[in-house]
Amino acid sequence: MKRLWSGAALAAWALGLAAGTSQAAEGWSTVAETPYVVKVRPRPGTQAKDVWAEGELAASAADVQAVLRDVDAYRHWMPYVKESRLLKELPDEGQLTYTRLDLPVVSARDYISNVVLESKVAEDGSGVFAQRWQAEPDALPQRRGTVRLRLNEGSWHVEPRGEEKSHAVYRFTVDPAGSIPGFLARMGQKDAVEDTFRAVEKRARQHAESRRREAY
């Protein structure tokens, strides 16, 4: 199985979070139930939290896949992203990507991700989009005035749910590095995840509209 790391975890730092499975058995705490379910738990030995978020998107899985794979465009629509670019294509449709985050109150953060595509939606709309990412912090020299994130991992899993609808599971773990105000970490557990879902949905709907215009 390939592993894929998409710049989509970007807003993740603002929360310093990640992902998991059984809430009761594994110490998950539910911090939101609407409009998206968000669960968090501490990652032992780090400042990070595991985050599991899921919910319905009013956009097709194919369009969600298209926008999450377009890393170069993240800076135009993804929350907190100041810079984003594809560094190089990797085997089996993998990607090495760079993302820089402009965050409130604290210093800028950046990260390099090794993104692996596990499965994708076919042209006829069937199938599941699944990708995972993992930090490659030493792939580029560190920038002055920017904190490099060394723990940043996660995944997207997006399934079709009818016409122009999909179900998304967004999981990630990010150690924000350095001193993080408590209010910012608490905000991230709910608000930053919701902002990311809404941004992905909006961009995917715009992508669908562009496709329709081109078809005519």
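Procedures and definitions
- Residues numbered from 1 in each chain as written.
- Predicted model: local features only at pLDDT ≥ 70, side-chain atom pairs only at ≥ 80, totals over all residues.
- Heavy atoms only, no water.
- Helix = DSSP H or I, 4+ residues; strand = E, 2+ residues; numbered from the N terminus.
- Buried < 20%, exposed > 50% of the residue type's maximum accessible area, 1.4 Å probe, protein only.
- Contact = heavy atoms within 4.5 Å.
- Pairing = 2+ DSSP bridges.
- Core = buried A, V, L, I, M, F, W, Y, C linked by side-chain atoms within 4.5 Å.
- pLDDT = per-residue confidence, 0-100.

**Student:** Now, about the overall build of the protein chain: what can you tell me, with residues and values included?
**Tutor:** What the protein chain contains, in helices and strands, is 5 helices and 10 strands. Going through the 216 residues of the protein chain one by one, you find that 50% of them count as buried. Of the contacts formed within the protein chain by residues at least 6 apart in sequence, a portion of 62% connects residues at least 24 apart.

**Student:** Tell me what's going on with the environment of histidine 157, and back it up with residues and numbers.
**Tutor:** Summarising the element assignment, histidine 157 is placed in strand 9 (residues 152-160). A relative accessible area of 31% means that histidine 157 is categorised as partly exposed. A C-alpha to C-alpha distance of 5.8 Å links histidine 157 and phenylalanine 129, two positions 28 residues apart in sequence. Discounting residues that sit within four places of it in the chain, histidine 157 has contacts with Val128, Phe129, Ala130, His167, Ala168 and Val169.

**Student:** Provide a residue-level description of the environment of glycine 162, including the pertinent values.
**Tutor:** Counting through the fold element by element, glycine 162 comes out in the loop between strand 9 and strand 10 (166-174). Once the C-alpha coordinates of glycine 162 and glycine 125 are considered, the two residues, 37 residues apart in sequence, prove to be 10.0 Å apart.

**Student:** I'd like a description of unusual backbone geometry, backed by residues and values.
**Tutor:** Along the chain, threonine 34 connects to proline 35 via a cis peptide bond; the corresponding omega equals -10°. Within the secondary structure, proline 35 sits in the loop between strand 1 (29-32) and strand 2 (37-42). Located in the positive-phi region is tyrosine 80, a residue other than glycine, with phi close to 75°. Its place among the elements puts tyrosine 80 in the loop between helix 4 (74-77) and strand 4 (81-90). Phi is positive for aspartate 92, which is not a glycine, with a value near 60°. Secondary-structure assignment places aspartate 92 in the loop between strand 4 and strand 5 (94-101). Assessed through its relative accessible area of 51%, aspartate 92 is described here as exposed.

**Student:** Run through the pairing of strand 9, naming residues and quoting values.
**Tutor:** Bridge count between strand 7 (residues 129-135) and strand 9: 6 bridges; the pairing is antiparallel. Looking at the pairing, tryptophan 133 lines up with glycine 154 of strand 9. Of the pairings in the sheet, the one linking strand 9 to strand 10 comprises 9 bridges and is antiparallel in character. Of the residues in strand 10, the one forming a bridge with glutamate 159 is histidine 167. Following strand 9, the chain reverses through 5 residues before pairing antiparallel with strand 10; glycine 162 in that reversal takes a positive phi of roughly 100°.

**Student:** Residues and numbers for the environment of alanine 66, please.
**Tutor:** Along the polypeptide, alanine 66 turns up in helix 3 (residues 61-69). Through-space distance from the C-alpha of alanine 66 to that of phenylalanine 129 is 9.7 Å; in sequence the pair is 63 residues apart.

**Student:** Report on the nonpolar core, specifying residues and quantitative values.
**Tutor:** In this structure, Val64, Leu68, Trp77, Trp156, Phe197 and Val200 are the most contacted members of the largest nonpolar core, which totals 42 residues. Broken down by element, the residue count for this core peaks at 6 residues, all from helix 5 (residues 182-215). When sequence neighbours within four positions are dropped, the list of residues in contact with valine 200 reads Leu57, Val64, Val67, Leu68, Trp77, Met78 and Trp156.

**Student:** Could you give me a rundown of the pairing of strand 4, with the residues and numbers involved?
**Tutor:** In terms of strand pairing, strand 4 meets strand 5 through 8 bridges, oriented antiparallel. Within the sheet, the bridge partner assigned to leucine 90 lies in strand 5 and is glycine 94. Turn length for the strand 4-strand 5 hairpin, with the two strands adjacent in sequence and antiparallel, is 3 residues, and the turn residue aspartate 92 shows positive phi of about 60°.

**Student:** Break down the confidence of the model for the protein chain for me, with residues and values.
**Tutor:** Looking at the protein chain as a whole, its pLDDT mean stands at 85, while 82% of the residues score no less than 70. In the model, residues 1-25 has pLDDT below 50 throughout and makes 136 contacts with residues more than four positions away in sequence or in other chains.

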